Amino acid sequence: MKKIQMVDLKGQYNDIKDVVNTSIENVIENTAFINGPKVHEFQKNLEAYLGVKHVIPCANGTDALQIAMMGLGLKPGDEVITADFTFAATVEVIALLNLTPVLVDVNKDDFNIDIEAIKKAITPKTKAIVPVHLFGQCANMEAILEIAKAHNLFVIEDNAQAIGANYTYKNGTKAKAGTIGNVGATSFFPSKNLGAYGDGGAIFTNDDDLAHTIRGIVNHGMYERYHHDVVGVNSRLDSIQAAVLDAKLPKLDGYNKARQMAAKKYNAAFKGIDAIITPHLSNGCGETICDTCDCHVFHQYTLKVKDVDRDALVKHLNEQGIPCGVYYPIPLHKQKAYTDERYNEADFPVTNQLVKEVISLPMHTELDDEQIEFITATIIKFING
Ligand SMILES: *Cc1c(COP(=O)(O)O)cnc(C)c1O
């Protein structure tokens, strides 16, 4: 059996080596390392793939979130509602801009932001909601858009984990994750579903004015050379990363399909094991992963374990050569940097429980049947004692 990895970037590279190497070599040959033609090409190809009017590449996903908030003109003291159960980048940029983060609980089934909790958290100072499409499927965007409309709020999608996923509206129309709210932000960190060979990120919007504003912000607030109209940042996707991403973009749907098929095999193996709760598909897909599934791109395959010592399970799997992750072990509202006396433990029952129960299994495009069988058999054996 091949050594099991949480993410197998080498196996994926072997398959696209020639295209990627040639593309990188071309960038080096023509030395347009910053804002070269390859960045523009990738931008255009990603716009077409997502069906969005504007993609603005930038240096990483955290910057993408920050720049989106700057572009919307959010001001110190404005309250921004986001999920308690996510990676810290989301809340970090809110705090960095001197906005006020307001963390709310998530759903116990799909781990995404809880609609009722958003409603409860709205005050006259609320200016934006940041749903995080956690682990690869969209938050309940229709409900979020409705709340945003009623209270005149911006919706900023943290799409770092769900690139390529579709969101299906009640009337059956679909849109790509990250293109639904006012603005979306994504990350091309190497382990993300569309990963570069270094850092990278992008901002998506259908709003022409916002796109223009953001294009200036990523480049020192310049709309005309050496004229600085707004305070900006230096946040660029470099041409070598664009070359890698542009070579991988045509493969993204296939990569996501490979993840879904791995998830389907995991699900099948865990069927009937009461102590294991497999991922819930919440966007119209029902309980099973069908062959045309487009609602979940499984950035992570995350189980909940009931009446099982989760940490002992993690230790056991590691000892058996099976890497796994706990995303996330501590609710953001309990992190030193983000505690706030306004928070009440009773407002976070789901996150407080999830941090004890979740475990994410190896998930990437190169997992084979033998590995999946070994992983699932090892887990089931541990649980059955
Ligand atoms: C990865 C990630 C980010 C940050 O992306 P970077 O490119 O690492 O800065 C933000 N939000 C979520 C939910 C992420 O998973």
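Here the structure is a predicted model, which means the values were calculated and not measured. All residue numbers refer to positions counted from 1 along the written sequence of the respective chain. Note on the predicted model: pLDDT of at least 70 is required for a residue's local features to be given, and 80 or more for side-chain atom pairs to be given and counted; whole-chain, interface and lining totals, by contrast, use all residues. Each side-chain value is worked out from all heavy atoms of the structure, with water and hydrogens disregarded.

Draft legend 1. View of unusual backbone geometry. Geometrically, the link from Tyr-327 to Tyr-328 is a cis peptide bond, its omega value of 10 degrees lying close to zero. When you line up the elements, Tyr-328 lands in the loop between helix H10 (310–319) and helix H11 (349–357). Of note in the backbone geometry, Asn-98 takes a positive phi value of approximately 60 degrees without being a glycine. The way it works is that DSSP assigns letters per residue, a run of H or I at least four long becomes a helix, a run of E at least two long becomes a strand, and they are numbered from the N terminus. Residue position: Asn-98 is located in the loop between helix H4 (89–96) and strand E3 (100–104). Remark: exposure states derive from per-residue accessible area (1.4 Å probe, protein chains only) relative to the maximum for the residue type, with buried under 20%, exposed over 50%, and partly exposed in between. Taking the relative accessible area as the measure of exposure, Asn-98 reaches 55% and is therefore exposed.

Draft legend 2. Structural context of the site of the ligand. As a matter of local geometry, the ligand sits amid 13 residues, with Gly-61, Thr-62, Asp-158, Ser-187 and Lys-192 nearest to it. In this structure, Gln-161 approaches the ligand through a side-chain N or O atom, which is 2.8 Å from an oxygen atom. Residues adjacent in sequence count toward polar contacts only when both atoms are side-chain atoms; beyond that, a polar contact is any pair of N or O atoms within 3.5 Å, and within protein one must be able to donate a hydrogen and the other to accept it. Between an oxygen atom of the ligand and a side-chain N or O atom of Ser-187, the distance comes to 2.7 Å. For the ligand, whose unbound accessible area comes to 380 Å², protein coverage reaches 91%. Tallied by class, residues from the shell around the ligand come to four nonpolar, seven polar and two charged. Any residue with at least one heavy atom within 4 Å of a molecule or strand is counted as near it. Exposure was quantified through the Shrake-Rupley algorithm and a 1.4 Å probe, taking into account, for residues, occlusion by the shown protein chains and nothing else. Under the grouping applied here, Gly and all other residues not named as nonpolar or charged are polar, the nonpolar ones being Ala, Val, Leu, Ile, Met, Phe, Trp, Tyr, Cys and Pro and the charged ones Asp, Glu, Lys and Arg.

Draft legend 3. Up close: the environment of Pro-57. By secondary structure assignment, the location of Pro-57 is in strand E1 (residues 54–58). Along the chain, Pro-57 and His-40 lie 17 residues apart, while their C-alpha atoms are 8.9 Å from each other. Contacts: residue pairs with any heavy atoms within 4.5 Å of one another. Setting aside anything within four residues of it in sequence, one finds Pro-57 in contact with Val-39, Gln-43, Gly-201, Ala-202, Ser-235 and Leu-237.

Draft legend 4. Quick peek at helix H7 (residues 208–217). Burial in H7 covers these residues: Leu-210, Ala-211, Ile-214, Gly-216 and Ile-217. Elements that come into contact with the buried residues of H7 comprise E1, helix H3 (61–71), strand E8 (183–187), strand E9 (201–205) and strand E10 (222–224). With a side-chain oxygen positioned 3.0 Å from the backbone nitrogen of Asp-209, the residue opening H7 is Asp-207.

Draft legend 5. Up close: the UniProt feature "modified residue: N6-(pyridoxal phosphate)lysine" (unreviewed entry) in the chain. UniProt positions are given in the numbering used here, feature names are shortened, and annotations may be inferred rather than shown by experiment. Under the present numbering, the feature "modified residue: N6-(pyridoxal phosphate)lysine" (unreviewed entry) in UniProt falls on Lys-192. When you line up the elements, Lys-192 lands in the loop between E8 and E9. Overall, the relative accessible area of 17% leaves Lys-192 in the buried class. When near neighbours in sequence (up to four residues on either side) are disregarded, Lys-192 contacts Ala-160, Ser-187, Arg-259 and His-299.

Draft legend 6. Local environment of the sheet that holds E3. In short, DSSP must find at least two bridges between two strands for them to pair. Within the open sheet, the seven strands sit side by side as E1-E9-E8-E5-E4-E2-E3. Their pairing is mixed. Whereas interior strands pair on both sides, the edge strands pair on one side only; in this sheet they are E1 and E3. Geometrically, the sheet is characterised by an average inter-axis angle of 25 degrees between neighbouring strands, direction not taken into account. Both strand E2 (residues 79–83) and E3 contribute to a ladder of five bridges, which runs parallel. Across the sheet, Val-80 pairs through a bridge with Pro-101, a residue of E3. Axis lines are fitted through C-alpha atoms, for helices just across the contact stretch, and the angle between N-to-C directions can take any value from 0 to 180 degrees. Running at roughly 165 degrees to E8, H3 makes contact with E1, strand E4 (126–130), strand E5 (154–158), E8 and E9 of the sheet. Across the face of the sheet, H4 comes into contact with E2, E3, E4 and E5 while running at roughly 150 degrees to E3.

Draft legend 7. Expanded view of the domain arrangement of the chain. Domain annotation for the chain reports domain 1 (9–250) and domain 2 (251–384). Each domain's extent is set by a domain assignment, obtained either automatically or from a database. The centre of domain 1, based on its C-alpha atoms, is set 24 Å off from the matching centre of domain 2. Taken residue by residue, the interface counts 50 residues in domain 1 and 37 residues in domain 2. A 1.4 Å probe defines the accessible area here, and the buried area is the portion of it lost by two parts on being joined, summed over both. Between domain 1 and domain 2, a total of about 3800 Å² is buried, with carbon and sulfur atoms accounting for 52% of that surface. By definition, a salt bridge exists where a carboxyl oxygen of Asp or Glu is found within 4 Å of a side-chain nitrogen of Lys or Arg. Our count for the contact surface shared by domain 1 and domain 2 stands at four salt bridges. Close ionic contact of Asp-347 with Lys-120 constitutes a salt bridge, the shortest N to O distance being 3.6 Å. Linking domain 1 to domain 2 there are 27 residue pairs in polar contact (both at pLDDT 80 or more). At the level of elements, helix H1 (9–30), E2, H4, E3, strand E6 (166–168) and helix H8 (239–248) are the ones that each hand at least two residues to the side of domain 1 that touches domain 2. Looking at which element gives the most residues to the side of domain 1 that touches domain 2, the answer is E3, with five residues. Looking at side-chain class alone, the side of domain 1 that touches domain 2 contains 25 nonpolar, 13 polar and twelve charged residues.

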